[in-house]
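Single-letter residue listing:
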Amino acid sequence: MSASRIGKMLSSKSLRVITRENYRFFGNGAQYPAGHLTSVVRSVMIHSPLSPFSSQSRALSGVSKPPRGLVQEKMTENAVFSQNMVLTIDTMNPNVKKVEYAVRGPIVQRAVQIEKELREGVKKPFTEVIKANIGDAHAMGQQPITFFRQVLALCSYPELLKDNMFPEDAKSRARRILQACGGSSLGAYSASQGIDCVRQDVARYIERRDGGVPCDPDNVYLTSGASDGIVTMLKLLVCGEGASKTGVMISIPQYPLYSAALAELGAVQVNYYLNEEKCWSMDLSELERSLAEARKHCNPKVLCIINPGNPTGQVQSRQCIEDVIRFAAKEHLFLMADEVYQDNVYAEGCQFHSFKKVLFELGPQYSNTVELVSFHSTSKCYMGECGFRGGYMEVINMDPEVKAQLIKLVSVRLCPAVPGQALMDMVVNSPQPGEPSYTTFMKERTAILSLLAEKAKLTEEILNTVPGITCNPVQGAMYSFPNISLPQKAIKEAKALGQAPDMFYCMKMLEETGICLVPGSGFGQKDGTYHFRMTILPPTDKLKLLLAKVKEFHQKFTRQYS
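The structure presented is a predicted model; accordingly, all values stated were derived computationally and were not measured.

This part is about the overall build of the protein chain. Helix and strand content of the protein chain: 20 helices and 17 strands. Looking at the protein chain residue by residue over its 562 residues, the buried ones come to 51%. Taking the contacts inside the protein chain whose residues are at least 6 apart along the sequence as the reference set, 69% of them involve residues at least 24 apart. Accessible area of the protein chain: about 25800 Å², with a carbon and sulfur share of 53%.

Now the structure itself:
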């Protein structure tokens, strides 16, 4: 069968392609081996003017031509081709089309393709892709904490409890967790709010962290990473239409989870800008400006804070947190405190202050009235256990009727991943002095955090030696967010291609050096400024190589476009 004939058939409204064993059947009754048909249809799809991969389609959509080899030669076995499809790009949820997530966006997708090309022997001016786009510590080579993995192993395979190679404190933690699981198995569902004994341990951890401020386990909800909790809370908070639609204040630059979730939920994103000239600090006058502007077109009722900051790496001062709490109380705003980097504080003179602790130290005027939810995770800090998806949130001053609705909402997804709950328990109930695992645990924890502090300083120092790059101190978290000066010629070329200038810059860097960074435009930034975000997680030798390549590329790029 010719490609042209199939092309005509593809335009037929009645055409259906159905897989049955190894054959595909067309509406006209003809049948062909699946492999033959797949290759022919693929040819039609790529070369037909109707195809999204055709030059005509790309011109119409304004999308630049994908790099050579980017088109994937894959088709689903049970594809259905019809112009009468129920789900199309026009009939799908329009909010989903507004969702963007730069951390795993086009540059990362291209980086994955380049890795494949390198494996296939395609010659590049580099031998590997160095991904500095995401805060995935273990993917960057960080080793797991021994105690955590021991307890997880014991919980996953309880027969190991008979083995003498495991320390007794690991065994006692595992037994306690298993006894709280249905059928003494990590594979059973838990209560929707999370395993009771784990929530109790989280509450005791919060009390220790906050100098004795009480924590009720009933206010603790275990989550599948902090992201799960953040989206759940936004679902509760977002409502209204038109001028009454919920506005959510988020910092710019921001972590793209927030903008993506707000787009999906149809909320109004209300930007407030961090002060880059003052090491990305929060400015009360900027919060007031942002709120006043937002009230002209929506109902802003939520204020989100990330501390320590992502992508900006700042640690907010206690005074700043006090100001924010007083501002929220005065303006009747619900506070969401993203505190997943609370152990990642490196700069001298900086200290993590939890919003809850400061709230209660301000006295009953605030602690009895300000509504607050705070989040933590197993993915960051010294743990870096991103894949287990463990986390928690604590709600303060929540209306009891709303709390009942929250319990209902989390019940819909049954329960958080139970291995992640077990891991969260180890984070908040880690080895104590006198226990067999304490010395090793503290040695590993200290080594990880000390090395991160060294790499934070190294990153700042090297980037600041590059003319045209300015990097604030990386006070905490896992990222630097340097400001980059781009020549006007490069900015014009990027705009001609329909790209943000820093996207253009980062894509060129990837193609020429193999370095995968995220452009600042994916996080938000003041108009006329350009940035990129990079993690400080690669091993020191690879981080030095990465920074050297960034320096060399920036100098070359500046010369090329000057």
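From this point, things continue past the structure.
Turning our attention to the pairing of strand S5 (residues 220–223). Taking every second residue as pointing to the same face, both faces of S5 are buried, with Val220 and Leu222 on one and Tyr221 and Thr223 on the other. Where S5 and strand S11 (residues 391–396) come together, four bridges link them in antiparallel fashion. By the bridge assignment, Thr223 is partnered in S11 with Gly391.

All right, on to the sheet that holds strand S16 (residues 518–519) then. Read across the sheet, three strands follow the order S13-S17-S16 without closing on themselves; strand pairing throughout is antiparallel. Because the sheet does not close on itself, it has two edges, and the strands there are strand S13 (479–480) and S16.

Following the criterion strictly, the structure yields 25 salt bridges and no others. In this structure, the salt-bridge partner of Arg176 is Asp201, at a minimum N-O distance of 2.5 Å. With Arg176 in helix H7 (residues 168–179) and Asp201 in helix H8 (residues 196–209), this pair connects stretches of sequence that are 25 residues apart. By relative accessible area, which is 31% here, Arg176 ends up partly exposed. The shortest N-O distance in the salt bridge between Asp218 and Arg199 comes to 4.0 Å. With a gap of 19 residues between them, Asp218 in the loop between H8 and S5 and Arg199 in helix H8 connect regions that are remote in the sequence. When its relative accessible area of 45% is taken as the criterion, Asp218 is described as partly exposed. The network of salt bridges with shared partners includes Arg318, Glu322, Arg326, Lys357 and Glu361.

Moving on, we come to the nonpolar core. Of all hydrophobic cores here, the largest spans 80 residues; its most connected members are Phe148, Val202, Met233, Met336 and Tyr382. Sorting elements by how many residues they give to this core places helix H16 (residues 418–428) first, with seven residues. Dropping the residues within four chain positions of it, Val202 is found in contact with Val220, Leu222, Tyr392, Met424 and Val428. Residues Ile469, Leu486, Val550 and Tyr561 belong to the second largest nonpolar core, which totals 39 residues.

What follows concerns the sheet that holds strand S8 (residues 299–306). On the basis of which strands lie adjacent, the open sheet formed by seven strands has the order S5-S11-S10-S9-S8-S6-S7 and mixed pairing. The open sheet has two free edges, formed respectively by S5 and strand S7 (268–273), since each of these has just one partner strand. The average angle at which neighbouring strand axes cross in this sheet is 25°, direction not considered. For S8 and strand S9 (residues 334–338), the ladder comprises five bridges, and the chain directions are parallel.

Geometry of a packed helix pair, given as the angle between the helix axes and the separation of the axes. Running from amino to carboxyl end, helix H9 (residues 225–237) crosses helix H10 (residues 256–265) at an angle of 35°, the nearest separation of the two axes being 10 Å. Considering the relative orientation of H9 and H10, their crossing is right-handed. Here H9 contributes Ser227, Ile230, Val231, Leu234 and Lys235 to the contact with H10, which in turn contributes Leu257, Tyr258, Ala261, Leu262 and Leu265. Of the residues belonging to the contact of H9 with H10, the class tally is eight nonpolar, one polar and one charged.

On the secondary structure map, Arg209 appears in helix H8. The spacing of Arg209 and Lys357 is 148 residues in sequence and 8.6 Å in space, taken between C-alpha atoms. Every residue in contact with Arg209, bar those within four places of it in the chain, is listed here: Glu339, Gln342, Phe352, Ser354, Lys357 and Tyr392. At 3.3 Å, the side chain of Arg209 forms a polar contact with the side chain of Gln342.

Scanning the entire structure with this criterion turns up 13 aromatic pairs. Residues Phe504 and Tyr561 carry aromatic rings whose centres are separated by 5.8 Å and whose planes lie at 75° to one another, so their mutual orientation is edge-to-face. On the criterion of sequence distance, the pair formed by Phe504 in helix H19 (residues 501–513) and Tyr561 in helix H20 (residues 540–561) is long-range, its members being 57 residues apart. Considered together, Phe504 and Tyr561 belong to a single accessibility category, that of buried residues. Consider the rings of Phe557 and Tyr561, whose centres lie 4.8 Å apart with planes at 40°: the pair is tilted. Note that Phe557 and Tyr561 are positioned in helix H20 at a spacing of four residues, about one turn of the helix. Assessed through its relative accessible area of 1%, Phe557 is described here as buried. Ring pairing ties together the aromatic residues Phe504, Tyr505, Phe532, Phe553, Phe557 and Tyr561, which thus form one cluster.

Moving on: unusual backbone geometry. Between Asn307 and Pro308 the backbone carries a cis peptide bond, its omega angle lying at -10°. Within the fold, Pro308 resides in the loop between S8 and helix H12 (318–331). In the segment running from Asn310 into Pro311, the intervening peptide bond is cis, with an omega of 15°. Within the secondary structure, Pro311 is located in the loop between S8 and H12. The backbone of Ser184 shows a phi angle near 50°, a positive value even though the residue is not glycine. By the element assignment, Ser184 lies in the loop between H7 and H8. With relative accessibility at 42%, the residue Ser184 sits in the partly exposed group. Of note, the phi angle at Asn397 is positive, near 60°, even though the residue is not glycine. Mapped onto the secondary structure, Asn397 falls in the loop between S11 and helix H15 (400–412). What makes Asn397 partly exposed here is its relative accessible area of 30%.

Calculation notes
Residues numbered from 1 in each chain as written. Predicted model: local features only at pLDDT ≥ 70, side-chain atom pairs only at ≥ 80, totals over all residues. Heavy atoms only, no water. Helix = DSSP H or I, 4+ residues; strand = E, 2+ residues; numbered from the N terminus. Buried < 20%, exposed > 50% of the residue type's maximum accessible area, 1.4 Å probe, protein only. Contact = heavy atoms within 4.5 Å. Areas by Shrake-Rupley, 256 points an atom, 1.4 Å probe, with all protein chains shown as cover. Pairing = 2+ DSSP bridges. Salt bridge = Lys/Arg side-chain N within 4 Å of Asp/Glu carboxyl O. Core = buried A, V, L, I, M, F, W, Y, C linked by side-chain atoms within 4.5 Å. Axes fitted to C-alpha atoms, helices over the stretch in contact; angles between N-to-C directions. Left-handed = near helix turned anticlockwise from the far one by under 90°. Nonpolar A, V, L, I, M, F, W, Y, C, P; charged D, E, K, R; others polar. Polar contact = N/O pair within 3.5 Å; in protein donor to acceptor, adjacent residues only side chain to side chain. Phe/Tyr/Trp six-rings, centres within 6.5 Å; stacked < 30°, edge-to-face > 60°.

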